[in-house]
Amino acid sequence: MEEIIKVLWSASDSRKECRVNLQGEPFPRIIHPYGVCQTSNGKIVVVCKQVGGYTKGGGFEGYRNLILEKVKEVELLEKSFTIALDFDPKNSLYGEWVYFITN
């Protein structure tokens with residue numbers, strides 16, 4: 001898990017998209033990693049904006065909190081991203097941050 005966090009941090013710091021494979025999902029997701037935090041119920045999650053790939057409900061792009069322990073693999077991609085203006089790391093939805101990025 002430590003290696004996965006390192007790759008996510010590197011991607012966040014350099015503003016690069018990631019391809020993430022989650023346990024139990026048939027296809028990877030493409031995300032913009034904004035940070036890692038512990039939620040109020042004690043789960044460690046990857047806070048991200050998903051821009052492509054698999055979704056359970058076949059939904060559109062948007063914010064996701066992916067459970068870190070379900071992340072099997074992370075691949076840093078070449079495509080850059082910018083942080084969405086509506087991302088608010090002070091939102092009460094997020095608990096204690098391991099790290100987060102800002103504009």
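Below or above, wherever it landed, is the structure these notes cover.

Cut-offs used in this document
- Residues numbered from 1 in each chain as written.
- Predicted model: local features only at pLDDT ≥ 70, side-chain atom pairs only at ≥ 80, totals over all residues.
- Heavy atoms only, no water.
- Helix = DSSP H or I, 4+ residues; strand = E, 2+ residues; numbered from the N terminus.
- Rg over C-alpha atoms; globule rule 2.2 N^0.38 Å.
- Buried < 20%, exposed > 50% of the residue type's maximum accessible area, 1.4 Å probe, protein only.
- Contact = heavy atoms within 4.5 Å.
- Core = buried A, V, L, I, M, F, W, Y, C linked by side-chain atoms within 4.5 Å.
- Expected span 1.5 Å × (residues − 1).
- Arc of directions from axis to C-beta.

### Topic: the overall build of the protein chain
- Helix and strand counts for the protein chain come out as one helix and six strands.
- Sequence-ordered secondary structure for the protein chain, helices as α and strands as β, is α-β-β-β-β-β-β.
- Computed over the C-alpha atoms, the radius of gyration of the protein chain is 12 Å, within 12% of the 13 Å expected from 2.2 N^0.38 for a compact globule of 103 residues.
- Along the three orthogonal principal directions, the C-alpha set of the protein chain runs to about 30 × 30 × 30 Å.
- Each of the 103 residues in the protein chain was classed as buried or not, and the buried ones make up 43%.
- Residue pairs in contact within the protein chain that sit at least 24 positions apart in sequence constitute 54% of those at least 6 positions apart.

### Section: the nonpolar core
- Ranked by internal contacts, the top residues of the largest apolar core, which has 15 residues, are Leu-8, Cys-18, Val-20, Ile-31, Val-46, Val-71 and Val-74.
- Where this core is concerned, the elements lending two or more residues are helix H1 (2–14), strand E1 (16–22), strand E2 (29–38), strand E3 (44–53) and strand E5 (71–80).
- Apart from residues no more than four positions distant in its own chain, Val-20 is found in contact with Pro-28, Arg-29, Ile-31, Val-71, Glu-73 and Val-74.
- Counting residues in hydrophobic clusters, the runner-up holds 11 residues, among them Val-47, Phe-81, Ile-83 and Tyr-94.

### Quick notes on H1
- When the terminal C-alpha atoms of H1 are compared, their 18 Å separation across 13 residues agrees well with the 18 Å that a helix rising 1.5 Å per residue should span.
- Of the positions making up H1, those classed as buried are Ile-4, Leu-8, Ala-11 and Ser-12. Buried residues of H1, viewed axially, fall in a sector of 100°; they line one side. Opposite the buried face of H1, at more than 90 degrees from it, the exposed residues are Glu-2 and Glu-3.
- Against the buried residues of H1 lie E1, E2, E3, E5 and strand E6 (96–100).

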